[in-house]
Amino acid sequence: MTVPTITLNDGHTIPQLGFGVFLVDPQEAERIVSDALEVGYRHIDTAAIYKNEEGVGAAIAKSGIPRDELFITTKLWNDRHQKASAHSAIDESLDKLGLDHVDLYLTHWPTPAKDDYLEAWLALEEIKAAGKARSIGVSNHQVEHLEKLIAGSETVPAVNQIELHPAFAQRELRAFGAEHGIHIESWGPLGQGKYDLFGEQAVSAAAEAHGVTPAQVVIRWHLQNGLIVFPKSNSRERIAQNFDVFGFELTADEIASMDALDSGKRVGSHPNEVN
Ligand code: NAD
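It should be emphasised that the depicted structure is a prediction, and the values quoted were computed from it without experimental measurement.

Enquirer: For the overall build of the protein chain, give the residues involved together with the corresponding values.
Expert: Scanning the protein chain for helices and strands turns up 10 helices and 10 strands. Scaling as 2.2 N^0.38, a compact globule of 275 residues should have a C-alpha radius of gyration of about 19 Å, and the protein chain matches this with 18 Å. Along the first, second and third principal axes, the C-alpha set of the protein chain runs to 55 × 40 × 30 Å. Expressed as a percentage of the 275 residues in the protein chain, the buried residues total 53%.

Here you go:
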């Protein structure tokens, strides 16, 4: 199964489908990430705050997969935005992952009340220059935060990783990203199981029509919308199911009826309220 790649604004490529490990128990991370790598995922999305970078690193080491076939993302936590602290944070993450660089390093939240996200971004530019991250980007940034980074630095973020699913489709940030060359990564792509997305008629009808599961339909919706997506599951069966999404295609009508589910309702926190 070949996962499509997307070319980022710095020329590096990223597999469009990956595996996320938010809320994966550190004790279980090695087993679960090993399952994902065996299934065929080559893109793993973790973060310092998930406290499972060591397990991710152990699974990578055990897999024997050549480093250049893997795409590993981690994230700088909110209390490490000061330059010196950010530099030690990437070293700590690399040490836990057992890697000499990550493919993508993100600032996790802008924490606007502290007004230090530009400083964090300038630190990420230095981390990229030092070869410790191939690409750099941000997460949970609103338009005003992106504008400040673009005006105040030499680098346009390669990605913005934001809450995004059919019920919260983030049209404004997607349009801004398209205009500025910032690719969008969808977090909580399945709505984190916090509302009955799979029970929506638009989703269940498409699942029935294609003989697939509602989760597979929703993952296809992200892929066909050009979004980068990394659903999370602890179960090997679902990990495999979520990867098996290249044997069917949603029709334009099916996509349109899922687009119509956008209610502007988040399942997670508003970025301006995380400080
Ligand atoms: P998700 O939308 O991927 O949902 C995960 C939930 O869906 C789990 O409860 C799982 O049991 C269920 N699920 C998975 N596959 C299923 C299937 N085939 N059938 C039925 N149920 C299924 O939510 P997420 O994990 O929060 O988001 C994905 C990734 O995004 C995370 O693991 C993490 O890497 C990233 N993330 C980033 C941020 C951020 O602030 N940057 C925040 C949250 C998540």
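Enquirer: Could you give an account of the site of the ligand, with specific residues and numbers?
Expert: Taken together, 26 residues lie near the ligand, and D45, S139, L190, Q192 and Q241 sit nearest. A distance of 3.2 Å is found between an oxygen atom of the ligand and a backbone nitrogen or oxygen belonging to V21. At 3.0 Å from an oxygen atom of the ligand is found a main-chain nitrogen or oxygen belonging to G188. According to the grid-proximity analysis, the pocket containing the ligand is the largest pocket. Looking at which element gives the most residues to the shell around the ligand, the answer is helix α9 (residues 236-243), with three residues. Considering only residue class, the shell around the ligand consists of 11 nonpolar, 11 polar and four charged.

Enquirer: Go over the nonpolar core with me, naming the residues and quoting the values.
Expert: Judged by nonpolar contacts, the single largest core of 70 residues is most densely connected at L17 and Y105. Residue contacts for L17: discarding those within four places in its chain leaves V3, Y41, H43, I219, L223, V229, P231, N242, F243, V245 and F246. The next biggest cluster of nonpolar side chains, apart from the first, holds 10 residues, and it includes I14, L104, I228 and F230.

Enquirer: Can you lay out the packing of aromatic side chains for me, pointing to particular residues and giving the numbers?
Expert: Per the counting criterion, the structure on display carries four aromatic pairs. When the centroid spacing of 5.2 Å and the interplanar angle of 45 degrees are considered together, the rings of F22 and Y50 count as tilted. Here Y50 lies in the loop between β4 (43-45) and α2 (53-63) and F22 lies in the loop between β3 (19-20) and α1 (29-39), a separation of 28 residues in the sequence. Look at Y50 and you get buried, because its relative accessible area is 14%. Arranged with centres 6.4 Å apart and planes meeting at 70 degrees, the rings of W109 and W187 form a pair that is edge-to-face. Pair noted here: W109 is in the loop between β6 (102-107) and α4 (117-129) and W187 is in strand β9 (residues 183-187), with a separation of 78 residues, a long-range link. Given the relative accessible area of 10%, W109 is considered buried.

Enquirer: Explain the sheet that holds strand β10 (residues 228-229) to me, and be specific about the residues and the numbers.
Expert: Here we have eight strands laid out as an open sheet, ordered β3-β4-β5-β6-β7-β8-β9-β10, and parallel in their pairing. Looking along the sheet, the strands with just one partner apiece sit at the ends: β3 and β10. Running at roughly 135 degrees to β6, helix α3 (residues 83-97) makes contact with β5 (71-76) and β6 of the sheet.

Enquirer: I'd love a proper account of the side chain of D116, names of residues and values included.
Expert: Relative to the elements of secondary structure, D116 occurs in the loop between β6 and α4. Of the side chains bearing the opposite charge, K114 lies closest to the buried D116, which forms no salt bridge; the N-O distance is 4.1 Å. With residues near it in sequence (within four places) discarded, D116 still touches H81, Q82, P110 and T111.

Enquirer: With reference to specific residues and values, describe the UniProt feature "domain: NADP-dependent oxidoreductase" (unreviewed entry) in the protein chain.
Expert: Those residues carrying the UniProt feature "domain: NADP-dependent oxidoreductase" (unreviewed entry) are residues 24-262 in this numbering. The span residues 24-262 shows a helical share of 45% and a strand share of 14%, and its end C-alpha atoms are spaced 28 Å apart.

What counts, and where the lines are drawn
Residues numbered from 1 in each chain as written. Predicted model: local features only at pLDDT ≥ 70, side-chain atom pairs only at ≥ 80, totals over all residues. Heavy atoms only, no water. Helix = DSSP H or I, 4+ residues; strand = E, 2+ residues; numbered from the N terminus. Rg over C-alpha atoms; globule rule 2.2 N^0.38 Å. Buried < 20%, exposed > 50% of the residue type's maximum accessible area, 1.4 Å probe, protein only. Near = heavy atom within 4 Å. Polar contact = N/O pair within 3.5 Å; in protein donor to acceptor, adjacent residues only side chain to side chain. 1 Å grid on protein atoms, 1.4 Å probe; cavity = no way out; pocket = protein on both sides within 12 Å on 5 of 7 lines; lining within 4 Å. Sits in = over half its atoms within 2 Å of the grid points. Nonpolar A, V, L, I, M, F, W, Y, C, P; charged D, E, K, R; others polar. Core = buried A, V, L, I, M, F, W, Y, C linked by side-chain atoms within 4.5 Å. Contact = heavy atoms within 4.5 Å. Phe/Tyr/Trp six-rings, centres within 6.5 Å; stacked < 30°, edge-to-face > 60°. Pairing = 2+ DSSP bridges. Axes fitted to C-alpha atoms, helices over the stretch in contact; angles between N-to-C directions. Lys, Arg positive; Asp, Glu negative; His and termini not counted. Salt bridge = Lys/Arg side-chain N within 4 Å of Asp/Glu carboxyl O. UniProt positions renumbered as here; feature names shortened; annotations may be inferred.

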